[in-house]
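Working through the structure, step by step
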Amino acid sequence: MKERRNLGELFTGFTGLALTLLLSFGLVIVLIFLLSGTPVRTLYFFFVGAFTNSYYLGNMLNVAVPLVFTGLGISVAFKAAVFNLGGEGQIYAGGCAATAVCLALPAANGFLGGLSALAGAAVLSGAIAGLSGFLRMKWNTDEMISSFLLSAAVVLAVNYFITGPLGDPKNNLLSTLAIGPQYGLSGIFPPSKLNISAFFALAAALLMFFFIYKSHAGYEMRMCGLNREFSRYGGINVSKYFVLPMIISGALHGLGGGLMVLGTYRATIEGFSFGMGWNGIAVALIAKNNPLGVIPAAFLFAYLDAGAKAAMINSDVTFEIAAIAQSFIFYLVTARALYAFTRIRSRA
Amino acid sequence: MTGYSPFAIPLVHSAVDIMTPFLLAGIGGLFTELAGMLNIALEGLILTGAFFSIVCAAATGSLFLGMLLGILCSMALAWLFGAVTLYLRANVFITGLATNLFASGFTVVLAFQLFKTKGVIQFPGIPRLPALVVPAFLQKVPVVGDVLFGHNVIVYVTWAIVLLSAIVIYRTPFGLRLRGTGLNAATIVTLGLNPRRYQMAGILISGLTCGLAGAMLTMELGAFVPEISSGRGWIALVAIYLGNKTPWGIFIASFVFGLAESVSNYAQGAVKVPVDFILALPYVFTVIAMIVYSIFRHARSSRS
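Residues numbered from 1 in each chain as written. Chains lettered and ligands numbered in written order. Predicted model: local features only at pLDDT ≥ 70, side-chain atom pairs only at ≥ 80, totals over all residues. Heavy atoms only, no water.

A few words on the overall build of chain B. A count of helices and strands for chain B gives 13 helices and two strands. Computed over C-alpha atoms, the radius of gyration of chain B comes to 20 Å, within 12% of the 19 Å expected from 2.2 N^0.38 for 304 residues, which places it in the range of a compact globule. For the C-alpha atoms alone, the extent of chain B along its principal axes is close to 60 × 55 × 40 Å. Here chain B, with 304 residues, has 54% of them falling under the buried criterion. Per element, the accessible surface of chain B, about 13100 Å² overall, is 71% carbon and sulfur. Side chains of chain B give 16 positive and 8 negative charges; the mean places of these two sets differ by 14 Å. (Helix = DSSP H or I, 4+ residues; strand = E, 2+ residues; numbered from the N terminus. Rg over C-alpha atoms; globule rule 2.2 N^0.38 Å. Buried < 20%, exposed > 50% of the residue type's maximum accessible area, 1.4 Å probe, protein only. Areas by Shrake-Rupley, 256 points an atom, 1.4 Å probe, with all protein chains shown as cover. Lys, Arg positive; Asp, Glu negative; His and termini not counted. Charge placed at Lys NZ, Arg CZ, Asp CG, Glu CD.)

What follows is the structure, given as structure tokens:
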């Protein structure tokens, strides 16, 4: 009896997700028919465009890399039942910190300098997110709202550094000076921008899987996420697990941003990471907070992104249709009625 | 602005204008909060109201019709948010985020479709929001006259909404049941009522007030700027907590936020501070207010 229900839940879990995606893609098709003058051409580029040449395909995979990091960052926080809504600011700050370190060390060895740039990114963003966790631990300040507000302030502070102290006066684009050539991560799929940071993303997913499911701290963290009072009686230092998951979450966001700079942009360009933080939340939800599930979920979002870009370049719609599709996935991904609709029907 | 006024009066006068969108969104959010749902969709609802009210005003040639249609659009999005949350039983945080993302994507897509731009859209033909006309002797009352009068009509409508909300929440069966839903939904069920209906009502009310808040933003400016809501929904959310979940508390909290922003606007003219830092000030100030509030609450709860 119990086993049958578990099987049933697994099944409805998948059909629910499939239904969510089907409805969201269906909405994209409807929108394209409404908005585009040449809907068939737009649809072709939206759904197939990303696979038509190696440049688009590689760039799509490259977009998935930071999404893996933000998705992992959100998953680890969700596992501990803390909310990090500051991903947008943390990934942006990570990119800026990495740029600043690289610019401060113009003549350093590429490997060591790059490593310290990523360390700087992880530390800064980890500290920003950790602050919200600390406030929650200390005075029960809602970490969800505080992380969002801090992130919004951080985005503006980064904008200041882009146009101000780190700015490139010769560049019309709002961008910092470019980092030294020795810091660029080697490409692995020319002519696209895909680079070795893809391997870092895979490694990070594996590492987080082992941390969450196979380590002592990961176990305690998951217990706190399931029931903090029970964990307290079980002798777990529960206040620690407000701060630690936030720090890890922020650090992962920072790494994502730092790798985008080292691998793809070679500078911090205004708004280069916008949307990555929000989409990380959706990626984590689709993956059900499983670090290994984050990888395919990140591909899905990268596919939406690449499709919208291809449709924008080759047809007459704007890129933001991806945001609409993504928001619909957001709407439906936690809809329990959708996920369990077979069960409701049988009960009714 | 009157020339003879001391520095403080124009400061407070502009604070009263700035606080209005916070206050509106906060009052609407209060209804959802009291019904037991955290409404982080306020931001997206404001943005939707802002976009549609000015576009509809330009299309119909009437400020009032534009405002009305803007509010209706904002309420429609609120309904979507509520329907997915309540009837499809989705997580309220995530659907709130979805609403914000949808609003920012949808307004840009529509703006691009209608005006072929993703940037600022000017509406030069739109008349200014009318100011409330008061008898001259009232206007001449020192300090009070300068601070209370000379605002646009939405400001006064907002005050009426605050008063009405206080009455509805504390003096009507609907308000009692709404609060009951938040305290213990099971009680409402035992009365033979449907708690979801009260939650949906709360969400629709937040759509209404956020729509009006958005209308004020674009109509004062005579233009639509992408992401014009710029965090106001989130700050309103904090105002609900700081205001201890009462209409008057939200009024005071919104005024404090309005005053802080007004001071930073004036400081911008006086001191040379990078504009990004000025823009970041409301967020920083809100976080600090939140921290102070939680320290205060923490101290109180550990004493008892």
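Past the structure itself, the notes keep going.
The next thing to look at is the interface of chain A and chain B. At the interface, 47 residues of chain A touch 46 residues of chain B. Overall, the association of chain A and chain B removes approximately 4000 Å² of surface from exposure, summing both partners, and the carbon and sulfur fraction of that is 80%. Counting the surface chain A buries against chain B, the share from its top three residues, A:W139, A:L149 and A:Y331, is 19%. Here chain A is connected to chain B by one salt bridge. For B:K118, the salt bridge identified is with A:E320, shortest N-O distance 3.2 Å. Here chain A is connected to chain B by eight residue pairs in polar contact (both at pLDDT 80 or more). Those elements giving two or more residues to the side of chain A that touches chain B turn out to be α5 (110-139), α6 (143-163), α11 (276-286), α13 (321-333) and α14 (336-339) of chain A. Residues of the side of chain A that touches chain B, tallied by class, amount to 34 nonpolar, eight polar and five charged. (Contact = heavy atoms within 4.5 Å. Buried area = accessible area lost by both parts, 1.4 Å probe. Salt bridge = Lys/Arg side-chain N within 4 Å of Asp/Glu carboxyl O. Polar contact = N/O pair within 3.5 Å; in protein donor to acceptor, adjacent residues only side chain to side chain. Nonpolar A, V, L, I, M, F, W, Y, C, P; charged D, E, K, R; others polar.)

What follows covers the confidence of the model for chain B. Residues and elements named next belong to chain B. Overall, the prediction assigns chain B a mean pLDDT of 91, with 97% of residues at 70 or greater. The least confident element of chain B is helix α5 (residues 136-139), whose mean pLDDT is 78; the most confident is helix α3 (residues 63-86), at 97. Both scores are available for the predicted complex, with the pTM at 0.91 and the ipTM at 0.89. (pLDDT = per-residue confidence, 0-100.)

Let's shift gears to the packing of aromatic side chains. By the definition in use, this model includes 29 aromatic pairs over all chains. An aromatic cluster is built from A:F328, A:Y331, B:F51, B:F52, B:F102, B:F106 and B:F224, whose rings are joined through pairwise contacts. The ring of A:F242 is capped by A:R228, whose NZ or CZ atom sits 3.9 Å from the centre of that ring. (Phe/Tyr/Trp six-rings, centres within 6.5 Å; stacked < 30°, edge-to-face > 60°. Lys NZ or Arg CZ within 6 Å of the ring centre and 35° of its normal.)

By secondary structure assignment, the location of A:S327 is in helix α13. Excluding residues that lie within four positions of it along the chain, A:S327 makes contacts with B:A98, B:L101 and B:F102.

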